[in-house]
2 protein chains.
Amino acid sequence: MDGFSLPKVVKRRVNALKNLQVKCAHIEAKFYEEVHELERKYAALYQPLFDKRSDIVKAAYEPTDEECEWKADEEEELTDEMKEKAKLEEEKKDEEKEDPKGIPEFWLTVFKNVDLLSDMLQEHDEPILKHLQDIKVKFSDPGQPMSFTLEFHFEPNDFFTNTVLTKTYKMRSEPDESDPFSFDGPEIMSCTGCTIDWTKGKNVTLKTIKKKQKHKGRGTVRTVTKTVPNDSFFNFFTPPEVPENGELDEDSEAVLAADFEIGHFIRERIVPRAVLYFTGEAIEDDDDDYDEEGEEADDEEGEEEADEENDADYDPKV
Amino acid sequence: MDGFSLPKVVKRRVNALKNLQVKCAHIEAKFYEEVHELERKYAALYQPLFDKRSDIVKAAYEPTDEECEWKADEEEELTDEMKEKAKLEEEKKDEEKEDPKGIPEFWLTVFKNVDLLSDMLQEHDEPILKHLQDIKVKFSDPGQPMSFTLEFHFEPNDFFTNTVLTKTYKMRSEPDESDPFSFDGPEIMSCTGCTIDWTKGKNVTLKTIKKKQKHKGRGTVRTVTKTVPNDSFFNFFTPPEVPENGELDEDSEAVLAADFEIGHFIRERIVPRAVLYFTGEAIEDDDDDYDEEGEEADDEEGEEEADEENDADYDPKV
């Protein structure tokens, strides 16, 4: 329905409703600010558990037998034959690596198990990410502009001297004056990375290529070495800058859109439930959900509202 | 990665992390309870705006010129020719319907514009839904089990004597003991409808069919009239009951899954921004979002995590 098929007096009243709707959008913005405050409050409650996780991963703490008790469903369902095989495999592994410290390659494995992250991962990144010991989310202080920082904590390594690499995402929770109805909760507006102090010769974000140059006059050929950007996860820490006028070329825009999605995903899913991405449990569950919903949609309602998939609200599971 | 490729000492530590993760799920449940409290608080802030909307829709209040001022983008972009055409159409409409009260067929139009709702709509439902004047969301009181009620307010009509039809959704915000990792926010667990006091002969949820019966012995044929269920939106108020043992047949399960989705959608999208579904603006915006994200996914990351689409958290737009 377009507005023009309505009688003038009705259209007038619809405009009044639209003005009420703008007021709703501003109230909604306040709601999301309060949710953000709640998230900050709960971040403090989660932190002791995340710190313990980190201590176990990096072998700073050995959990007690009681802390390690787990009645896994999978094991119950295994046949004796499978159990035997598993036991043999375990013993083999135990022999191979006599005394592993903590949980080796914990975060690297998480990265490899999550498509969104593994897509960024290059072979040369892997030896570096073996030294990643924790990812923390830090929220901006109350009263400050809404933002969060991802902190990547590394053990001392041969690749760079930083112990922490950071990526900060600035957010905005207010309706756009020119398009208030598109408001649907806080949006990431921009991000900043950090300088990585690479050890000489270890910078995987650059590569040297050899190029032949022909002298225009003499026709002689010489080989020059050029340094060019190289694909790497660590480019995550040097995102494209948004110029003052806010206009970006298409490439940078696509890079940033993907970057915002990754930043959000690390904050919202990876950090809160890393172990489930390590074991793959989070990934399996997601697939299950997906299939179920797909089937229901087919059987019951035909095409779902496109909106359903992009709903960015606080959104209880139905 | 399955757990069996890990050395025993490492697997033990992973179990410790999983136990920490269960604790996180219980903290998360508390978070969602607090978000629910916030939603209750904000419902009270939105209510005066929704009440005014209702008053305008049902002609209980005529908005002032100031309240009706709206500088629509669409109009600016129109060519003179289109404007002329629109003006003529408007004049024609004005002549057709001399003095429309409020915004006629406001909620019926919303229903027609939203696929999820229009799929339920039958032709015989439309004359009834013309009398729908408001949909309100009422949250359960603090300290009570988490639930919400959709109230459908009707003006006096020839179809039933109720002025309000209700549908209540009971929710749960706690991890399932047997599968704590699947917890992802409050879930709708069950729903109850209400009795509609149909005027004689007006019950659109039933139809009479004529059936020919042949007498086994005599071979004579008689025609009997049978009352059977009829497709109607108003079946929404008599959802399948969940038996005490919690087990449902496949049909009822599918009906309830669709029902929960619709209830959630009415609460979360339709009631808060009804005017945008009336004008179609909410629907267009959603499509825009969808296309954009689709493109980005194709260009930048290939397949997205299935999880992204099913993320049921409070989920800032990225």
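In this text the structure is predicted, and so the values were computed from the model without any measurement.

On to the overall build of chain A, then. Counting its regular elements, chain A contains 10 helices and 6 strands. For chain A, with 318 residues in total, the buried portion stands at 47%. The long-range share in chain A, meaning contacts at least 24 apart out of those at least 6 apart in sequence, stands at 58%. Accessible surface computed for chain A: about 17,100 Å², of which carbon and sulfur atoms make up 46%.

Within the element layout of this structure, Leu17(A) appears in helix α1 (residues 8-57). When its relative accessible area of 2% is taken as the criterion, Leu17(A) is described as buried. Taking the C-alpha atoms as reference points, Leu17(A) and Asp251(A), separated by 234 residues in sequence, lie 40 Å from one another. Discounting residues that sit within four places of it in the chain, Leu17(A) has contacts with Arg53(B), Ile56(B), Val57(B), Ile103(B), Phe106(B) and Val275(B).

Turning next to the environment of Asp176(B). Residue and element names in this part refer to chain B. With respect to the helices and strands, the residue Asp-176 is situated in the loop between β3 (164-172) and β4 (187-192). Spatially, the C-alpha atoms of Asp-176 and Gly-102 are 48 Å apart, while their sequence positions differ by 74 residues. A distance of 3.1 Å separates the side chain of Asp-176 from the backbone nitrogen of Ser-178, its partner in a polar contact.

Counted by the stated rule, this structure contains 34 salt bridges over all chains. Between Arg40(A) and Glu37(A) there is a salt bridge; the shortest N-O distance is 2.6 Å. Of this pair, Arg40(A) and Glu37(A) both sit in helix α1, 3 residues apart, roughly one helical turn. For Arg40(A), a relative accessible area of 18% translates into the label buried. Among the charged side chains, a salt-bridge network with shared partners connects Arg12(A), Arg13(A), Glu62(B) and Asp65(B).

Attention now goes to the sheet that holds strand β3 (residues 164-172) of chain A. Residues and elements named next belong to chain A. Strands sit in the order β1-β2-β3-β4 across an open sheet of 4 strands; the sheet is antiparallel. The two strands at the open ends of the sheet, each matched to only one other strand, are β1 (132-139) and β4 (187-192). This sheet shows a mean twist of 20 degrees between the axes of neighbouring strands, independent of strand direction. Both β1 and strand β2 (residues 147-154) contribute to a ladder of 7 bridges, which runs antiparallel. Note on β2: the bridge partner recorded for Phe-139 is Phe-148.

Counting 147 residues, the largest nonpolar core has Phe152(A), Phe234(A), Phe152(B) and Phe234(B) as its most contacted members. For this core, the element with the most residues is α1(A), which contributes 20 residues. Ignoring any residue separated from it by four or fewer positions in sequence, one finds Phe152(A) in contact with Phe111(A), Leu132(A), Asp134(A), Ile135(A), Thr163(A), Val164(A), Leu165(A), Phe233(A), Phe236(A), Phe237(A) and Ile266(A).

Turning our eyes to something else, we now look at the pairing of strand β6 (residues 221-229) of chain A. In terms of strand pairing, strand β5 (residues 206-214) of chain A meets β6(A) through 9 bridges, oriented antiparallel. Residue pairing across strands places Lys214(A) opposite Val221(A), the latter belonging to β6(A).

Let us now look at the sheet that holds β4(B). Working definition: the strands of a sheet are paired by backbone hydrogen bonds and lie parallel or antiparallel to each other. All names here are of chain B. Taken in spatial order, the 4 strands of this open sheet run β1-β2-β3-β4, and their pairing is antiparallel. At either margin of the open sheet sits one strand with a lone partner, and together these are β1 (132-139) and β4. Taken pair by pair, the neighbouring strands of this sheet meet at an average axis angle of 20 degrees, ignoring direction. Bridge analysis of strand β2 (residues 147-154) against β3 gives 7 bridges, and the strand direction is antiparallel. Of the residues in β3, the one forming a bridge with His-153 is Val-164. Along the sheet, helix α1 (residues 8-57) makes contact with β1 and β2, crossing β1 at roughly 165 degrees.

The description of an aromatic ring pair rests on the distance of the ring centres and on the angle between the ring planes. In total, this model carries 48 aromatic pairs over all chains according to the counting rule given. Taking 5.4 Å as the distance between ring centres and 75 degrees as the angle between the ring planes, the aromatic pair formed by Tyr42(A) and Phe31(B) counts as edge-to-face. With one member in each of two chains, Tyr42(A) in helix α1 and Phe31(B) in helix α1 form a pair that bridges those chains. Of the two residues, Tyr42(A) and Phe31(B), both sit in the buried class. Here the aromatic rings of Phe111(A) and Phe233(A) are separated by 5.1 Å at their centres, their planes lie at 90 degrees, and the arrangement is edge-to-face. Taken together, the residues span a long stretch of sequence, with Phe111(A) in helix α4 (residues 106-113) and Phe233(A) in the loop between β6 and α7 (250-270) at a distance of 122 residues. Both residues of the pair, Phe111(A) and Phe233(A), count as buried. Linked through ring pairs, Phe111(A), Phe152(A), Phe154(A), Phe160(A), Trp198(A), Phe233(A), Phe234(A), Phe236(A) and Phe237(A) together constitute an aromatic cluster. Against the face of Phe148(A) rests Arg267(A), its NZ or CZ located 5.0 Å from the ring centre.

Here we take up the confidence of the model for chain A. Considering every residue of chain A, the mean pLDDT works out to 84; 79% of them sit at 70 or more. Throughout residues 285-318 of chain A the model reports pLDDT below 50, and contacts reaching past four residues in sequence, or to other chains, amount to 89 contacts.

Before going further, it helps to examine a negative patch on the surface. Together, Glu33(A), Glu174(A), Asp176(A), Glu177(A) and Asp179(A) make up a region of like negative charge exposed at the surface. By the secondary structure assignment, Glu174(A) is in the loop between β3 and β4.

As a further point, take unusual backbone geometry. At Ala59(A), a position not held by glycine, the phi torsion is positive, near 65 degrees. Given a relative accessible area of 37%, Ala59(A) falls into the partly exposed group.

Here α1(A) crosses α1(B) at 165 degrees, and the two axes come no closer than 9 Å. As far as their axial angle goes, α1(B) and α1(A) are roughly antiparallel. Helix-helix and strand crossings are classified by hand; for α1(A) and α1(B) the assignment is right-handed. For the contact of α1(A) with α1(B), the residue count by class is 30 nonpolar, 2 polar and 18 charged.

What follows is about the environment of Leu121(A). All names here are of chain A. Looking at the element boundaries, Leu-121 is found in the loop between α5 (115-118) and α6 (126-129). The class of Leu-121 is buried, set by a relative accessible area of 13%. Excluding its chain neighbours within four sequence positions, the residues that come into contact with Leu-121 are Leu-108, Phe-111, Lys-112, Glu-126, Leu-129 and Phe-233.

Basis of the calculations
Residues numbered from 1 in each chain as written. Chains lettered and ligands numbered in written order. Predicted model: local features only at pLDDT ≥ 70, side-chain atom pairs only at ≥ 80, totals over all residues. Heavy atoms only, no water. Helix = DSSP H or I, 4+ residues; strand = E, 2+ residues; numbered from the N terminus. Buried < 20%, exposed > 50% of the residue type's maximum accessible area, 1.4 Å probe, protein only. Contact = heavy atoms within 4.5 Å. Areas by Shrake-Rupley, 256 points an atom, 1.4 Å probe, with all protein chains shown as cover. Polar contact = N/O pair within 3.5 Å; in protein donor to acceptor, adjacent residues only side chain to side chain. Salt bridge = Lys/Arg side-chain N within 4 Å of Asp/Glu carboxyl O. Pairing = 2+ DSSP bridges. Axes fitted to C-alpha atoms, helices over the stretch in contact; angles between N-to-C directions. Core = buried A, V, L, I, M, F, W, Y, C linked by side-chain atoms within 4.5 Å. Phe/Tyr/Trp six-rings, centres within 6.5 Å; stacked < 30°, edge-to-face > 60°. Lys NZ or Arg CZ within 6 Å of the ring centre and 35° of its normal. pLDDT = per-residue confidence, 0-100. Patch = residues over 30% accessible without salt bridge, like charges linked within 9 Å, V, L, I, M, F, W, Y side chains within 5 Å. Lys, Arg positive; Asp, Glu negative; His and termini not counted. Charge placed at Lys NZ, Arg CZ, Asp CG, Glu CD. Parallel < 35°, antiparallel > 145°, perpendicular 65-115°, else oblique. Left-handed = near helix turned anticlockwise from the far one by under 90°. Nonpolar A, V, L, I, M, F, W, Y, C, P; charged D, E, K, R; others polar.

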